[in-house]
Amino acid sequence: MDAITENLDAFWSGFLTSLGICLWAMVGSLFLGTVLAGCRVSPVPPLRAFGTWWVTTFRNTPLTVVLFFFAFGLPAIGINASFYFFGVSGLVVYTSAFVCEAIRSGINSVSAGQAEAARSIGLTFGQSLTLVVLPQALRTVVPPLGSVIIAMFKNSAVVGAFGVGGDLFSTGATLTSAQGYANLPVITGVAIGYLAITLPAGAILQVIERRVAISR
Amino acid sequence: MARVLAMTRATPVNSDGNGDRPPLVEMTGVNKWFGDLHVLADINLTITRGEVVVVIGPSGSGKSTLCRCINRLEPIQKGRIAIDGKVLPEEGKDLARLRSEVGMVFQSFNLFAHKTILDNVTLGPIKVHKESKDQARSRATALLERVGIAEQADKFPAQLSGGQQQRVAIARSLAMDPKVMLFDEPTSALDPEMINEVLDVMTQLAKDGITMVVVTHEMGFARRAANRVVFMDGGHIVEEATPEEFFTNPTSDRAKSFLSKILTH
């Protein structure tokens with residue numbers, strides 16, 4: 001247990017870095033995933049094709065490979081940014097494919113008549129989607145979307161392993177390999193750190209689920 | 001081209017008695033297929049301003065599809081549909097603008113389930129016509145009074161009966177000041193005792209001079225409110241006549257057998 005108590009500062013800063021990655025990636029992937037879902041149900045064939053291509057590509061590629069492309073591929077073609085930015089972007093791009101599909105399933109759960117009624121009063125496709133369909137889709141989307149987001153929180157460990165540095169996972173790696181602490185207690189500390197992110201997230205999701213269920 | 005011209009020339013015959021008024025909805029040589037099924041076959045139909053046209057026919061005759069094509073909820077494969085002189089545009093902002101001028105009432109009401117009755121009626125005016133919230137609300141309240149449900153304004157659709165929901169749907173369409181109102185079997189999903197409350201509202205709209213296309217099985221309404229009855233079967237317009245002519249002296253065999261089945265009881 002000394003491994004944890006002696007390094008509380010390191011764990012705490014690792015926790016904050018991981019939390020930061022998670023929150024940025026959550027905002028980014030929810031936004032991008034929603035836009036992609038809009039593309040996939042849009043009446044414009046090129047947009048539909050783009051959405052389908054995106055989902056097929058990034059849902060079927062291992063996260064590690066996606067991160068490789070971001071961390072080493074983008075600099076190779078002259079795009080330079082911090083590893084933090086590359087890491088979060090890779091996570092966003094990868095997760096957005098799953099977010100898109102969760103939201104699309106929610107859109108499909110809203111009866112077609114709702115969108116027809118929206119369009120027949122003159123709302124544009126974008127307005128029908130944001131004012132009528134998505135608010136109703138939200139209800140069915142919260143549980144699957146929650147799973148996607150929690151999976152993404154855990155995937156943030158891969159980003160840490162990729163050299164962002166200073167997050168929970170890499171803090172654990174530094175403590176064990178560079179400073180010679182025993183593996184088991186350090187990894188336990190790392191696990192506790194991730195649970196401190198995912199368990200409250202699960203609780204918040206339940207609250208949201210109850211809220212949106214009532215407001216019909 | 002020659003074919004289109006021939007059809008254009010043929011259309012005034014359909015708008016009997018209204019030749020002096022400009023056409024509001026013009027369907028010329030309209031064809032539509034669902035796969036191999038020819039749901040609309042060479043439809044020529046002209047509806048003039050202020051006219052009430054009732055479309056009747058057996059199930060699967062294409063009457064609902066005809067109605068849904070007028071605001072392009074269903075695209076057509078061949079032919080031309082124009083509203084107030086403007087040909088229906090492709091998908092996009094222009095189509096949205098045109099749809100805002102064409103009211104539509106559905107069989108299954110399709111009220112926005114997550115919005116209150118008042119918000120259902122004000123959504124279009126606020127988002128499409130950019131009306132102020134206050135103005136949209138006061139107009140919506142007036143419309144809800146007109147259809148007899150002003151006291152339900154703050155409820156959600158699921159809390160209303162079917163007849164009430166359909167009257168809200170009518171108010172929602174009227175809020176856009178449409179040039180023409182389409183009714184796609186508006187009473188088919190209603191209990192018998194609720195049918196009349198909806199038909200009464202529709203009869204009143206007809207009296208007020210609103211241009212209406214009504215797909216329905218309500219022959220009483222057709223007799224009472226229609227200027228013209230269009231009888232469809234197998235994707236064709238088989239017969240067009242005034243209600244009086246159509247119900248007392250149908251010319252086609254198909255219409256005769258259809259009427260004999262539904263008017264005997």
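Criteria and cut-off values
- Residues numbered from 1 in each chain as written.
- Chains lettered and ligands numbered in written order.
- Predicted model: local features only at pLDDT ≥ 70, side-chain atom pairs only at ≥ 80, totals over all residues.
- Heavy atoms only, no water.
- Helix = DSSP H or I, 4+ residues; strand = E, 2+ residues; numbered from the N terminus.
- Buried < 20%, exposed > 50% of the residue type's maximum accessible area, 1.4 Å probe, protein only.
- Contact = heavy atoms within 4.5 Å.
- Patch = residues over 30% accessible without salt bridge, like charges linked within 9 Å, V, L, I, M, F, W, Y side chains within 5 Å.
- Areas by Shrake-Rupley, 256 points an atom, 1.4 Å probe, with all protein chains shown as cover.
- Salt bridge = Lys/Arg side-chain N within 4 Å of Asp/Glu carboxyl O.
- Lys, Arg positive; Asp, Glu negative; His and termini not counted.
- Charge placed at Lys NZ, Arg CZ, Asp CG, Glu CD.
- Expected span 1.5 Å × (residues − 1).
- Bend = angle between axes of the 7 residues up to and from the residue.
- Polar contact = N/O pair within 3.5 Å; in protein donor to acceptor, adjacent residues only side chain to side chain.
- Axes fitted to C-alpha atoms, helices over the stretch in contact; angles between N-to-C directions.
- Parallel < 35°, antiparallel > 145°, perpendicular 65-115°, else oblique.
- Left-handed = near helix turned anticlockwise from the far one by under 90°.
- Nonpolar A, V, L, I, M, F, W, Y, C, P; charged D, E, K, R; others polar.
- Pairing = 2+ DSSP bridges.
- Buried area = accessible area lost by both parts, 1.4 Å probe.

**Observations regarding the overall build of chain A**
Piece 1. Looking only at helices and strands, chain A has nine helices and zero strands in total.
Piece 2. Along chain A, helices and strands appear, N-terminal first, in the series α-α-α-α-α-α-α-α-α.
Piece 3. Across its three principal directions, the C-alpha atoms of chain A cover 70 × 45 × 25 Å.
Piece 4. Looking at the 216 residues of chain A, the share that counts as buried comes to 45%.
Piece 5. Taking as baseline every contact in chain A between residues at least 6 positions apart, the subset at least 24 positions apart corresponds to 76%.

**Observations concerning a positive patch on the surface**
All names here are of chain B.
Piece 1. A cluster of basic residues, K127, K130, K133 and R137, forms a positive patch on the protein surface.
Piece 2. For K130, the location among the structural elements is in the loop between α4 (117-127) and α5 (133-146).
Piece 3. On the accessibility criterion, K130 (62% relative accessible area) is exposed.

**Topic: helix α5 (residues 83-109) of chain A**
Residues and elements named next belong to chain A.
Piece 1. Between its first and last C-alpha, α5 extends 39 Å over 27 residues, near the 39 Å set by a 1.5 Å rise per residue.
Piece 2. When the local axis directions of α5 are compared, the greatest deviation, roughly 30°, occurs at S96.
Piece 3. Taking burial as the measure, the 27 residues of α5 include 19 buried ones, the bulk of the element.

**Here we look at the side chain of N7 of chain A**
Residue and element names in this part refer to chain A.
Piece 1. Within the secondary structure, N7 sits in the loop between α1 (2-5) and α2 (8-41).
Piece 2. On the basis of relative accessibility, which here comes to 9%, the residue N7 falls in the buried class.
Piece 3. Side chain to side chain, N7 and Y181 meet in a polar contact 3.4 Å long.

**Notes on the packing of helix α4 (residues 63-76) of chain A against α5 of chain A**
Residues and elements named next belong to chain A.
Piece 1. Taken N-terminus to C-terminus, the directions of α4 and α5 make an angle of 135°; their axes are 9 Å apart at the nearest point. Our classification of the angle between α4 and α5 gives oblique. Our pair here, α4 against α5, has a crossing hand that is right-handed. Only F83, F86, G87, S89, G90, L91, V93 and Y94 of α5 make contact with α4, whose side of the interface consists of L63, V66, L67, F70, A71, F72, L74 and P75.
Piece 2. Looking at the contact of α4 with α5, its residues break down into 13 nonpolar, three polar and no charged.

**Side note on helix α6 (residues 162-174) of chain B**
Piece 1. Between its terminal C-alpha atoms α6 of chain B stretches 18 Å, which fits the 18 Å expected from 13 residues at 1.5 Å a residue.
Piece 2. Within α6 of chain B, 13 of the 13 residues are buried, which leaves the element mostly enclosed by the surrounding structure.

**Points about the sheet that holds strand β2 (residues 37-48) of chain B**
Residue and element names in this part refer to chain B.
Piece 1. A sheet is described by the order of its strands in space; here four strands give the open sequence β2-β1-β4-β5, paired in antiparallel fashion. Two strands bound the open sheet, and with one partner strand each, they are β2 and β5 (86-87).
Piece 2. Sheet topology places strand β4 (residues 78-83) next to β5; two bridges connect them, and they run antiparallel. Following the sheet pairing, A82 is matched in β5 by V87.
Piece 3. With respect to the sheet, helix α2 (residues 63-70) is in contact with β1 (23-34), β2 and β4, its orientation differing from that of β1 by roughly 120°.

**Quick word on the interface of chain B and chain A**
Piece 1. Between chain B and chain A, the residue contacts involve 25 residues of the former and 19 residues of the latter.
Piece 2. Between chain B and chain A, a total of about 1,900 Å² is buried, with carbon and sulfur atoms accounting for 62% of that surface.
Piece 3. When residues of chain B are sorted by the area they lose upon contact with chain A, R99, F112 and H114 of chain B head the list and together hold 27% of the total.
Piece 4. Across the chain B-chain A interface, the total number found is one salt bridge.
Piece 5. Here R68 of chain B makes a salt bridge to E116 of chain A, at a shortest N to O gap of 2.6 Å.
Piece 6. Where chain B packs against chain A, one counts seven residue pairs in polar contact (both at pLDDT 80 or more).
Piece 7. Counting only elements with at least two residues in the side of chain B that touches chain A, the list comes to α3 (93-99), β6 (102-105) and α4 of chain B.
Piece 8. Looking at the side of chain B that touches chain A, its residues break down into 12 nonpolar, five polar and eight charged.

**Some points on the pattern of salt bridges**
Piece 1. If you walk through the whole model with that rule in mind, you get 20 salt bridges over all chains.
Piece 2. For E101 of chain A, the salt bridge goes to R59 of chain A, with nearest N and O atoms at 3.9 Å. Separated by 42 residues along the polypeptide, E101 of chain A in helix α5 and R59 of chain A in helix α3 (residues 45-59) bring together distant segments of the chain.
Piece 3. On the basis of relative accessibility, which here comes to 17%, the residue E101 of chain A falls in the buried class.
Piece 4. Across the salt bridge formed by D233 of chain B and R254 of chain B, the nearest N and O atoms sit 2.8 Å from each other. Separated by 21 residues along the polypeptide, D233 of chain B in strand β9 (residues 228-233) and R254 of chain B in helix α10 (residues 253-263) bring together distant segments of the chain.
Piece 5. On the basis of relative accessible area, R254 of chain B is assigned to the partly exposed category, the value being 28%.
Piece 6. One network of salt bridges, with partners in common, ties together R49, D84, K86, E101 and K179 of chain B.

Keep in mind these numbers describe shape, not what the thing actually does.
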